[in-house]
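Descriptive structure summary
Single-letter residue listing:
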Amino acid sequence: MPKDPEDNMFNKKPYGWIGAVVVVAIVFFSVGYFVHTPSKTTTVTLYEALAPQEVAYFENTVIPAYEHTHPNVVIELANLASPTDVATEVSALEKSGSVGNTLVGLDNLVVGNLIYSSSGNLLMNLTNISSTMLPQTLIPSAVNMTNYEKNVFGGIYFLPFRSNLPLVWYNKTAFSDAGISSPPTTDAQLLQDAKTLNKTYGTGQVMFQGAGLTGSHSGASTGTELYQWMVQFGGNPFVFNDTGDIHAWEYLYNLSQYFNPQYKSGYWGSYSGLANGQYSYLDYQWPYIYNTLENSTYGMTNQTLGVYGGPSGPNNSNHLLGGDVLVIPKGATNVPYLEQFSNYLLSSQVQKETLVNLSWVAVNSQAYTNLPSSYSVVGQALQKAISGGIFLRNPTPWITNWNTYASQAWADIIVGHNITSYTQIPHALSTYNQQLYQYLVNNYGQSVANKYEAGGYQPISV
């Protein structure tokens, strides 16, 4: 998507790497940061699935700064095509007994693949060493995530690393010309504003990530957006057809009449239309587009580009927290070096640099202090969205299967309008509920399917 950023999510242009190297080096020396380094070179491999611009920023800025203060440690970035490929590679390393000095940045959606693998949990229990890897200034949601792991898995197996939070973007000029002074703060207001924008410009002005599973941009973007909408309506998206889920789909069915015609091909890489006047309201997109829309290619400024957390649903304004977590596979060697590099990646300085340059939502609260004015708009929007409530998707190994059914429901109900009346939405959703239920019976057994049907797999409130 490009790569689908739900999970990779960020296409950003790195800049100022020389200054970043100097700043990070000064910070580490000035605070007396010292790590004993071996007499010979030790190589640590970091597995990830980053976008090209992210790879460049890590190789030109983040990694050299660490190697400068650790002259006998070499960091190799092994960047793979997708998060699933990363999980597959980790499984292969463990199977062959060749894990070595391996640290892994793993998408939160596929961490369940390794925890619930057919060979058992493939991840090292980090409970006893987490304090040396994590900063003391974690944001509350990150602390809650580790507490959740202890309760559910009996230990800490993954650490917060680079978070991501979807925001809503709009064209201030287009809104003003339509007589709308500020963006909608509730779903009811959004519906009314969408109608006004449609009347003013003669075409739908709301862009949705609606590509589903079709076309060259198919992927998890549609399912991700639907998941958040259902949660804001009080639903448990996994079951498809509880009361909150049904109301969310009914609302989106009504809103879809004001969608921009291009929504059927919309995905995480669709945002240029906001700058060229194709549409004026971009429903949930990741923060990385800020730097892109305000560069010379698109030429938007803070006077024309608006960004905020988006409208509240009838039940809450919770935002889905995406991004990657850090894991160490079982069988890893030289673990102290993996701890040290993890601690560096989570330091306030590195977290601030990736926040500003890559729009990664920092999990270290100190990263939000003294942000440059050029980035404060997005920083404030992210902080406000976080304060409104955030949640994680339950890391089940069948999240990709849920996404498939969700995208099929989207194509059926919204894109194809293959229902003859609005009142048939509950029946359509129950059909997909049953399909997923049967899939779980066939592949995971009756007890998992029964737990699913009883609502046992809930979004994780953090």
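Please refer to the structure placed before this passage.
Residues numbered from 1 in each chain as written. Predicted model: local features only at pLDDT ≥ 70, side-chain atom pairs only at ≥ 80, totals over all residues. Heavy atoms only, no water.

Before going further, it helps to examine the pairing of strand S3 (residues 102–107). Burial within S3 is extensive, with six of its six residues counted as buried. Here S3 shows no split at all, with Thr-102, Val-104 and Leu-106 on one side and Leu-103, Gly-105 and Asp-107 on the other all buried. In this structure, strand S1 (residues 42–48) lies alongside S3, joined through three bridges in parallel fashion. Residue Leu-46 lies in a different strand from S3, and its bridge partner there is Leu-103. Across four bridges, S3 lies against strand S10 (residues 322–327) in antiparallel orientation. Looking at S10, one finds that Leu-106 is bridged to Val-325. (Buried < 20%, exposed > 50% of the residue type's maximum accessible area, 1.4 Å probe, protein only. Helix = DSSP H or I, 4+ residues; strand = E, 2+ residues; numbered from the N terminus. Pairing = 2+ DSSP bridges.)

Further remarks concern empty space enclosed by the protein. Evaluated as defined, the whole model comprises four cavities of 30 Å³ or more. Lining the largest cavity are 16 residues, with Met-145, Pro-160, Ser-163, Leu-321 and Leu-392 sitting closest to its centre. Those elements that place two or more of their residues in the lining of the largest cavity are helix H6 (140–153), strand S4 (159–164) and S10. The residue inventory of the lining of the largest cavity, partitioned by class, reads nine nonpolar, five polar and two charged. Forming the walls of the second largest cavity are Asn-108, Val-111, Met-145, Tyr-148, Phe-158, Val-325, Leu-392, Arg-393, Pro-395 and Ile-460. Considered class by class, the residues forming the lining of the second largest cavity number eight nonpolar, one polar and one charged. (1 Å grid on protein atoms, 1.4 Å probe; cavity = no way out; pocket = protein on both sides within 12 Å on 5 of 7 lines; lining within 4 Å. Points joined across faces, edges and corners; volume = space filled by probe spheres on them. Nonpolar A, V, L, I, M, F, W, Y, C, P; charged D, E, K, R; others polar.)

Quick look at the environment of Ser-221 now. One can find Ser-221 in helix H9 (residues 221–232). For Ser-221, a relative accessible area of 0% corresponds to the buried category. On a C-alpha basis, the gap between Ser-221 and Gly-266 in space is 8.6 Å, while along the polypeptide they are 45 residues apart.

Quick look at the pairing of strand S8 (residues 305–308) now. Because side chains alternate across S8, one face comprises the buried residues Leu-305 and Val-307, and the other comprises Gly-306 and Tyr-308, equally buried. Sheet analysis places strand S5 (residues 167–171) next to S8, joined by four bridges and oriented antiparallel. The residue of S8 that forms the bridge with Tyr-170 is Gly-306.

Moving on: helix H8 (residues 187–201). Taking 1.5 Å per residue as the helical rise, H8 with its 15 residues ought to reach 21 Å, and the 21 Å between its terminal C-alpha atoms agrees with that figure. If you check which residues of H8 are buried, you get Asp-187, Leu-190, Asp-193, Ala-194 and Leu-197. Looking down the long axis of H8, one finds its buried residues gathered within 110° of arc, a one-sided arrangement. Summarising the geometry of H8, the exposed residues directed more than 90 degrees from the buried face are Ala-188 and Lys-199. On its buried face, H8 is in contact with helix H7 (172–177), strand S6 (206–207), H9, helix H10 (243–255) and strand S7 (281–285). (Expected span 1.5 Å × (residues − 1). Arc of directions from axis to C-beta. Contact = heavy atoms within 4.5 Å.)

Turning to the sheet that holds strand S11 (residues 390–392), a few remarks are in order. Taking strand neighbours across the sheet as the criterion, the three strands line up as S9-S11-S12 in an open arrangement whose pairing is mixed. If you trace the sheet from one side to the other, it starts and ends with strand S9 (319–320) and strand S12 (460–461), each paired once. Judged from the two bridges that link them, S11 and S12 form a sheet pairing that is antiparallel. Its bridge partner lying in S12, Phe-391 is registered against Ser-461.

Remark: the empty space left among the atoms is shown by a probe the size of a water molecule rolled over them. Of the volumes computed, that of the second largest pocket is approximately 280 Å³. Along the walls of the second largest pocket sit 14 residues, with Tyr-308, Gly-309, Gly-310, Lys-384 and Ala-385 positioned nearest its centre. Secondary structure elements with two or more residues in the lining of the second largest pocket: S8 and helix H15 (376–387). A total of four residues in the lining of the second largest pocket trace back to one element, the largest contributor, which is H15. The residue inventory of the lining of the second largest pocket, partitioned by class, reads five nonpolar, eight polar and one charged.

Right, let's talk about the side chain of Asn-236 for a bit. Relative to the assigned elements, Asn-236 resides in the loop between H9 and H10. Asn-236 has contacts with Asp-242, Asp-245, Gly-455, Tyr-457, Gln-458 and Pro-459, leaving out every residue within four places of it along the chain.

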